[in-house]
Amino acid sequence: RARVLVGTGMPTSTTRWKDRTMAMHTAMETDEDRPTKEEEATSMRKLRNQAVGQRKRRTEMRRNGTVQRATKGLTCVACAKDAATLLGTLAIDGAIGEEAAQQLGDAMRAAEARGDVETAGKCAHARAQALLQGDGDARTCAQDAVRGLRSARDVDTTAYLRLLAASARVDANATRGCDAVEAVADVLRRHRAPERMCEAWNDADVVQEALRAAAELARPPVAVEAVRPLVAFANSWADLAREGPQGARLQASRALAHLSLVAHKNMVMEDGGKNQALAHAVWRTALPTLLAMIEEKTWDNQVDTDDMQGIEEAARAVGELVAADPSIAQRTAQGDAVPRLAALLRTTSHETRGGRRVFASAMLAIAELCLVDETPRKQLVEADGSLERIVRVLRTPNVEPELLKLACSCIRSLSRSVKQLRTHLMDANVAEALLKIVLEPTQTSEKVLSDAVSSLCNLVLDFSPMKEAIVNAGGVARFAEIADLRATEVSDLSINALWALKNLSYLATHQVKRSVLDSLPWADVRSALERECICINSPALKYQLLAIFRNLIFGGAEDVSLVLEYAGHSNFLRVLMQLLSQAKDPCMVLEQTLFVLCNVATGNEGHKQMLMEEGIGEILANYLSETGTNEQRVAAAWCTINLVWREPHQEKRRKRSGLHGRKSRSSYESMGDGMVSVPTNATARATALMSAGVDLRLHALATAPSPDVRDRARTALDLLGAAEALA
C-alpha cells in the first residue's frame, strides 16, 4: 500500500516511511535530552551559588570537569555571562588553567564587540581572579583593560580597573608599559567632584578600584617619572584616607604610602617640597590609617575568615612601608604597631586560606619592625602566644613556602637581640625547628632554605646557648655542603651558609675549628678564592670565606698552625699574597685578606718569618699608600704592629686583647719610661719593613684625617723606632 506524506503529494513505500519515522523519533529523543541554552545558564548559576563560600566544593568542581564545561559555555552568547561568573568564582582559590584564561579573554573581546557590557565585565573580573592564581598573561590583560577604559562605549569600569590592578600585581613593569598609569589617572579625574574627594566622589566602587590599581602601579621599585600623573592626587588621597569609607580609606592609604616611598627613594622630583609633603602625608595619614584598620578588625579577637582582603592588604602595606624605609621602621616601632600585628597572629589560623594570607602579611610587617629596634622585639615576645604561633609554622609539615619563609625572617629579626637569644628563643626551641628545615630539605625551596640558614646565623654565635646543639646535630657539615664552593654560580643560599660557618667559627673550640676545616676541602677553597668575580655574589663569597679563616686563625700560635697545616704552610700564604698583589677583587675582599694576614702575624716567630719570606713588606707599603682605603690602611698598620712587636711573658693577656692579637697603645707605653719591649728577632723584620718603605708610608699617615688610621700609624712608627734603636 502507498501513503502520501503531508505536503509532498509523493507516494512512498511502507518500509521507507517506517525508517523515516524511526529516524525522526531518534532525533527527537536526542533534542529532548540536550539542555537548552537557558537551562545551561541556569545550571551554571546554580553551580556558582554552590561554590560561593565553599572552598572544598570549589576544589571538587575544579577536579570534576566543571572548568571545562564553563569554558565551553563561554562560546555561547546566552551562557557566556554565567559561565564567566562561575569561572571567576572557581578562580578565587585555585588555578583554572591557561586555556580557560585565554577563552575568557576571547569572550570578553567578543562581548565588547556586540555591546554586552555586563558579560564583558564578568569576563574581566574572572580574568583578574585567574591572573592572581597564575593563569593568563599580565601584559595582554593590561592591554585589554586599558583599551576598555579608554573606549568610547560604555564598559564596566570597576571590572576593568580590577583587571588592571591584578595585572600590576603580577607584573608591574609590563603593566606600566601599556599606558596603565595614564588610564587610571583619567578615571580618577572623571570621577572626582569639585568638592573634597572624600565627600563627593562619583561612584565609590569605581574610585576604590582605581585607587587599588594606583597603589599597585606605584609599588616600589619604580621611577618617579613612571608614576608622575598620580602625584597630583596625593592631597586628595590624604583627605580620603582620613575621612572616606573603609574600602576607599584602605586603598587611598596604600596608594599614598607607595607613592611616598617612590618619591623618597628617587629624590628627583622637580619640586622638593612635594617630596617632603608626601613623606609628611605618610606620617599624618597613611600609616595611622592602616594600623587603625588592623585594629578595627582584630580588637574583639573575632576575624571573619571569609572577608579578609582589607585587613590583609593593610598589614601588607605596613610591612612594605617598613621594609622600604628604615626611618619609617624606627618611627613605627615606637608606637603600638607590633601589638596590633601580634593580635593577627593570635586571631587567625595559617591553615585556612583567608587566615593564611593575613598571617603572612602580619609576619612580613613584624619581621621588618623587629629587624631595627629592640622595643618591637620585646613587644612581640610579651604578646601572649605570638612567638609560639610563629614557631608552630616552622614545625607544620607541608606548609606553604611563602609562609615558611616569612616565619624564618621573623626568627632572624628576633635573633639580632642577645637578650632574646638567651631567653625566649631558647625556651621556644627555635634551633630545633630551623635545623629540621635545613637538615631535611626534601620539600623545601631554595629561598626558604636560604632564609632558614640565615636565621641560624645568629643562633651559632659564641654567646648563644644554642650553638652547641647546632654543632652536635651536624650543622657544620651541612652548612659546608650547602655552600657548594665548586658551583660557578654563587647563590644567596651559599653566602648564607658561609656566613653561618663564619659565625660558628668565631671564638670556637679547637675541635670545632678542625671540623670546619675538614668540611671545606682546601682545593675547593683555593679554587673559589682564585676564581674571577664573574657574578654579582662572587665578591661576597670570597669575603665570607676569608672571614671564616680570619676567625679560625684568631686565638694563638696553635690556631695559626692548624690552618697553615691544613692548606700546606706556604700554599695558604701564597694564595693570599696573590690576591693582594693582583688587586683585582673589590676593596672589601682585599681588606679581609689583610686582616687574615694580620691574624697570622700574631703567631709565633716561625709564622712571622714565613710572612716576611713571602714579601709582605712590599704588600704593606702598597696598601699604606694614599690609594688604599682607610680600612685597608688600618689592617696594614696592625699587621706591621704584630710583625715587629710581641710583649714577652704575657701571651695569655695578648690573646684576649682583641681580634687581631693587638694591644692598645696605652698597654705597651705603660711598661715604663716610654720604652717598648722588642725581641731581638723582631729587629730584622723591622729593618726589612723599613727597607720596603713602610716607615715612609706610616709617616704620611701620622697626620691622616681618620683617627683610627692616624693612631695605628703612630703606634707602628713607635714600634719601628724602638726596633731600630735596639739595632
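Note that the structure is a prediction, hence the values are computed from the model and not measured.

How each quantity is defined
- The written sequence of each chain sets the order in which its residues are numbered from 1.
- Given that this is a predicted model, residues contribute local features only at a pLDDT of at least 70 and side-chain atom pairs are listed and counted only at 80 or more, while totals for whole chains, interfaces and linings are drawn from all residues.
- Only hydrogens and water are set aside when side-chain values are computed; all heavy atoms of the structure are taken into account.
- Note on classification: 1.4 Å probe, protein chains only; a residue is buried when its accessible area is under 20% of the maximum for its type, exposed when over 50%, partly exposed between these limits.
- For the purposes of this entry, the term helix denotes a DSSP run of H or I that reaches at least four residues, the term strand denotes a run of E that reaches at least two, and both are numbered from the N terminus.
- Every residue is assigned a pLDDT by the predictor, reflecting its confidence on a scale from 0 to 100.
- The contact criterion used throughout is that any non-hydrogen atoms of two residues lie within 4.5 Å.
- Under the pairing criterion, centres of Phe, Tyr and Trp rings, with the six-membered ring standing for Trp, must be within 6.5 Å; the plane angle then separates stacked pairs below 30 degrees from edge-to-face pairs above 60, leaving the rest tilted.
- Counting as a charge over the ring demands two things of the Lys NZ or Arg CZ atom: a distance within 6 Å of the ring centre and an angle within 35 degrees of the ring normal.
- Counted as salt bridges are all cases of a side-chain nitrogen of Lys or Arg within 4 Å of a carboxyl oxygen of Asp or Glu.

### Re helix 5 (residues 80-90)
Phase 1: For helix 5, a buried count of ten out of eleven residues is recorded, marking the element as mostly surrounded by other parts of the structure.
Phase 2: Restricting attention to buried positions, one finds in helix 5 the residues Ala80, Asp82, Ala83, Ala84, Thr85, Leu86, Leu87, Gly88, Thr89 and Leu90.

### A short note on unusual backbone geometry
Phase 1: Here the phi dihedral of Asn429 falls at roughly 55°; this positive angle occurs in a residue that is not glycine.
Phase 2: Following the sequence through the fold, Asn429 ends up in the loop between helix 25 (424-428) and helix 26 (430-439).
Phase 3: Phi is positive for Asp484, close to 50°, though the residue is something other than glycine.
Phase 4: Looking at the secondary structure, you find Asp484 in the loop between helix 29 (475-483) and helix 30 (492-505).

### So, the confidence of the model for the chain
Phase 1: When pLDDT is averaged across the chain, the result is 78; 80% of the residues are at 70 or more.
Phase 2: This model gives residues 193-201 a pLDDT under 50, and the stretch forms 18 contacts once residues within four places in sequence are excluded.
Phase 3: With pLDDT under 50 throughout, residues 649-679 is counted as low confidence; its partners more than four residues away or in other chains account for 55 contacts.

### Side note on the packing of aromatic side chains
Between two aromatic rings, the relevant description is the distance of the centres plus the angle of the planes.
Phase 1: Applying the stated criterion to the full structure yields five aromatic pairs.
Phase 2: Between Trp522 and Tyr566, the ring centres sit 6.0 Å apart and the planes meet at 80°, which makes this aromatic pair edge-to-face. Placement of the pair is Trp522 in helix 32 (residues 522-530) and Tyr566 in helix 34 (residues 557-567), with a sequence separation of 44 residues.
Phase 3: When its relative accessible area of 13% is taken as the criterion, Trp522 is described as buried.
Phase 4: Each member of the aromatic cluster is reached from another via a ring pair, and the members are Trp522, Phe549, Tyr566 and Phe572.
Phase 5: Here the basic side chain of Arg550 rests over the ring of Phe595, its NZ or CZ set 4.2 Å away from the ring centre.

### Examining the side chain of Thr85
Phase 1: With respect to the helices and strands, Thr85 occurs in helix 5.
Phase 2: The residues contacting Thr85, other than those within four sequence positions of it, are Arg48 and Lys122.

### Examining the side chain of Ser417
Phase 1: With respect to the helices and strands, the residue Ser417 is situated in the loop between helix 23 (401-414) and helix 24 (418-422).
Phase 2: Looking at Ser417, the relative accessible area reads 4%, which means it is buried.
Phase 3: Leave out the neighbours within four places in its chain, and Ser417 touches Glu374 and Arg377.

### Thoughts on the environment of Leu504
Phase 1: Take Leu504: it is sitting in helix 30.
Phase 2: Look at Leu504 and you get buried, because its relative accessible area is 0%.
Phase 3: Through-space distance from the C-alpha of Leu504 to that of Leu552 is 9.8 Å; in sequence the pair is 48 residues apart.
Phase 4: In this structure Leu504 touches Val460, Lys467, Val471, Val476, Phe479, Val512 and Val516, once residues within four positions along its chain are discounted.

### Topic: the pattern of salt bridges
Phase 1: Counting across every chain of the model gives 24 salt bridges.
Phase 2: Salt bridges linked by common partners bring Asp106, Arg109, Glu112, Arg127, Asp144 and Arg147 together as one network.

### A look at the environment of Glu614
Phase 1: By secondary structure assignment, the location of Glu614 is in the loop between helix 37 (605-613) and helix 38 (616-623).
Phase 2: On the basis of relative accessible area, Glu614 is assigned to the partly exposed category, the value being 25%.
Phase 3: Sequence spacing of Glu614 and Arg574 is 40 residues, and the spatial spacing of their C-alpha atoms is 7.1 Å.

### Remarks on the environment of Leu211
Phase 1: Among the secondary structure elements, Leu211 is positioned in helix 12 (residues 204-217).
Phase 2: Expressed as a C-alpha distance, the spacing of Leu211 and Val184, which sit 27 residues apart in the sequence, is 8.4 Å.
Phase 3: Among all residues touching Leu211, those that are not within four sequence positions of it are Trp237, Leu240, Ala248, Gln251, Ala252 and Ala255.

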